[in-house]
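Architecture at a glance
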Amino acid sequence: MISKRRLSKTDDKENLAEDASKAKKQPLSKKTKKSRVHNEVEESDSVFVELLKTSGIILKTGESQNQLAVDQIVFQKKLFQMLRKHPSYPQIIEEFISGLESYIEDQDCFRNCLLSCERLQDEESSMGTPYSKSLIKLLLGIDLLQPAIIKTLFEKLPEFLFENENSDGLNMPRLIISQLKWLDRIVDGKDLTTKFMQLLSIAPVPLQHDFLTCLPEILGDSQHAEVGKELSELLMTSTPLTVPILDVLSSLQLDRKLLSKVRQLVMGKLSAVRLEDLPVIVKFILHTLTSTDAVEVISELREKLDLQHCILPSQLQASQSKLKSKGKISSSNQESSSQDCVILLFDVVKSAVRYEKTVSEAWIKAIENTTSGSDHKTLDVAMLLIIYSTNNQTKKSIERVLRNKVRSGHIQEQLLQHTFCILSLVLKDICPSILLLAQSLLHSLDQSVISFGSLLYKYAFKFFDTYCQQEVVGALVSHICSGNDAEVDTALNVLLELVVLNLSAMRLNAVFVKGILDYLDNLSPQQIRKLFYILSTLAFSKEHAASSHIEDDMHLVIRKQLSSTIFKYKLIGIIGAVTMVGIMAADREGKIPNTYC
């Protein structure tokens, strides 16, 4: 009887723990008290079976599904009316629940009650949902029965907490908890919350994780505040559950003060958390920001996030040499997992700065407020590039901040190189925006800013893939053909560095460089010499396979210029011929210089 099973909260928790302890010792097979004939209709004169049969559900034995002969809504209404109008109401409810408890003592019967029913009615004539619910789920939708059935489920759960999956792959604890998801109405939300938190205290950690992630789909809005307080207290004592707890808190409607308290607690642990936990933790921190505390929180976050230690040393070496090995990098599963976590972390950050203006503005302000060059990190450079790529409205702000930081010497080449080195997989996805920023910086009148823009081109080529390398060379060729002397000199110097840095990769893009030969009229003699030096190195270096198409084009252009009667063009031919012969001679002796003289 229900009245006899009512216990205090303490007694409930003790009984749950005791049941769980017994379940550890007792094999699942021994819990089935009676044997039933498989695949037959359940025949019994119990109130439980008779009422279900009259309402439209046929119970089956063995592994067969229970059958639903009427629409699901019709079944629930009919059973409710039969219980409510029964002569022995409300005692009939106690008899019904007692019959259910006896019935589900058999393992197969309990499993069938948790699995969806077989519909005997045509789907076209159904008024309810297109899928079929389980018997337990249907009974939970009846207000008269819901509290008692929830109590029965939570009393049954400890029997399965420490069992492995069934032979059919079913995990009984998860299956039982799934019955509570998306109920139209919860009659006693407070009692459900209490039972759920008691269950968490005795369940093994893997199931605790699963149970927690189900909470937002089970609780009603009125229980969010109470559960939030309970989970915040649990967060202080259970580190392994930090991620699922924060994931749940992000999905609940909670008071800002409580969220701020939890955020401060999490921020204090940030430097000690595992890398794989960072994405969820950072998502929670950014999710709980307000306009009043955004700059302060972001400033603290950027100080405690040390990306240099997120990447393993062997990953750094692989990243630095990936172009030399043509992308064939052999890395362990652990390294790959670490990179995946870093990428996921920045996906979270990208989403936040794209859709939350407060977050992007606060991050720019936090970087701007950093007045010492030694305090700047790879994260700062990465965030400036990411915000530039995700938010068009802040492009001017990013350019202004970068120019000021470069002029003041706060962001230097070493920091930029380190950023590209450890975050190449993250930055590769925003390559077009990085090149757009580099192009804008090359239009500056400040030489330090122009140099920084050229470094963006250089490291994008060095650390990104073949497609991005092609885009870099194409952008540099556009600068050379622009007619602006400062841009032409800078772009040619970058191309010279790239030839020395990675000759084989540059040879793949030689066709773009060769196109500059059509714009020789716009170049000065010194610039023409640089261009022929680049093309000659690409064409005649024996270090790699020669590019015959470049040789042929160079011979044609030089002969044409040398045969011209106009001094300007003859001079171009002479410069080209001398430079080409010099490279050929140096290559024959194996002494091609590493730098342009």
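Residues numbered from 1 in each chain as written. Predicted model: local features only at pLDDT ≥ 70, side-chain atom pairs only at ≥ 80, totals over all residues. Heavy atoms only, no water.

Considerations on the sheet that holds strand β2 (residues 67-68)
The criterion, for reference: By the convention used here, strands pair only if DSSP detects at least 2 bridges between them. Here a strand is any run of E in DSSP of at least two residues, a helix any run of H or I of at least four, and the numbering for each starts at the N terminus.
The mixed open sheet is built from 3 strands, whose spatial order is β1-β2-β3. Every other strand in the sheet has two partners, leaving β1 (57-58) and β3 (118-119) as the edge strands with one partner each. Taken together, the 2 bridges between β1 and β2 define a ladder with antiparallel strand orientation. Looking at the pairing, isoleucine 58 lines up with glutamine 67 of β2.

What about the nonpolar core?
Burial of nonpolar side chains together is a common tendency in soluble globular proteins. In plain terms, the rule: Residues grouped as a nonpolar core are buried Ala, Val, Leu, Ile, Met, Phe, Trp, Tyr and Cys residues, joined through side-chain atoms within 4.5 Å. Categorising residues by exposure relies on relative accessible area from a 1.4 Å probe, with only protein chains included: less than 20% of the type maximum marks a residue as buried, more than 50% marks it as exposed, and the intermediate range marks it as partly exposed. Contacts are residue-level and defined by heavy atoms, with any inter-residue pair within 4.5 Å sufficient.
One finds Trp363 and Phe420 to be the most contacted residues of the largest nonpolar core, which totals 184 residues. In terms of residue count, helix α25 (residues 447-463) provides more of this core than any other element does, 10 residues in total. Non-local contacts of tryptophan 363, meaning those with residues more than four positions away in its chain, are made with Leu286, Ile298, Leu301, Val349, Leu379, Met383 and Ile387.

Remarks on the packing of aromatic side chains
Convention followed: Between the rings of Phe, Tyr and Trp (Trp by its six-membered ring), a pair exists once the centres lie within 6.5 Å; its type follows the angle of the planes, with under 30 degrees stacked, over 60 edge-to-face, and the other angles tilted. Geometrically, a lysine NZ or arginine CZ counts as sitting over a ring once it is within 6 Å of the ring centre and also within 35 degrees of the ring normal.
According to the stated counting rule, one finds 8 aromatic pairs in the structure shown. With a centroid separation of 6.4 Å and an interplanar angle of 75°, the aromatic rings of phenylalanine 196 and phenylalanine 211 are classed as edge-to-face. Of the two residues, phenylalanine 196 is situated in helix α10 (residues 189-202) and phenylalanine 211 in helix α11 (residues 205-218); the sequence distance between them amounts to 15 residues. With a relative accessible area of 1%, phenylalanine 211 lands in the buried category. Aromatic ring contacts, followed pair by pair, group Phe420, Tyr459, Phe463 and Phe464 into a single cluster. A cation over a ring is seen here: lysine 156 above phenylalanine 110, with NZ or CZ 5.6 Å from the ring centre. A cation over an aromatic ring shows up here: lysine 395 above the ring of tyrosine 388, its NZ or CZ 4.1 Å from the ring centre.

Quick word on a negative patch on the surface
Here is the rule: Every patch collects residues that have over 30% relative accessible area and no salt bridge, joining them within 9 Å if they carry like charges and within 5 Å if they are nonpolar side chains (Val, Leu, Ile, Met, Phe, Trp, Tyr). Each accessible area value is a Shrake-Rupley result obtained with a 1.4 Å probe; residue values ignore everything except the protein chains displayed when judging cover. Salt bridges are defined by distance alone: a side-chain nitrogen of Lys or Arg within 4 Å of a carboxyl oxygen of Asp or Glu. Charge assignment in this entry is limited to Lys and Arg as positive and Asp and Glu as negative, and neither His nor the chain termini are counted. For the purpose of locating charges, the reference atoms are NZ of Lys, CZ of Arg, CG of Asp and CD of Glu.
Side chains of Glu40, Glu43, Asp45 and Glu50 sit close together on the surface and give a patch of like negative charge. Here glutamate 50 is to be found in helix α3 (residues 47-55).

Re the pattern of salt bridges
Evaluation of the coordinates by the stated rule reveals 20 salt bridges. Aspartate 210 is the partner of arginine 174 in a salt bridge, and the nearest nitrogen-oxygen pair spans 2.3 Å. Residue arginine 174 is located in helix α9 (residues 172-178), and its partner aspartate 210 is located in helix α11; the two are separated by 36 residues in the primary sequence. Between lysine 181 and glutamate 217 there is a salt bridge, with its nearest N and O atoms 3.3 Å apart. Separated by 36 residues along the polypeptide, lysine 181 in the loop between α9 and α10 and glutamate 217 in helix α11 bring together distant segments of the chain. The exposure class of glutamate 217 is partly exposed, given its relative accessible area of 25%. One connected set of salt bridges, linked through shared partners, spans Arg274, Glu276 and Asp277.

By themselves, these observations are geometric and do not establish any function.
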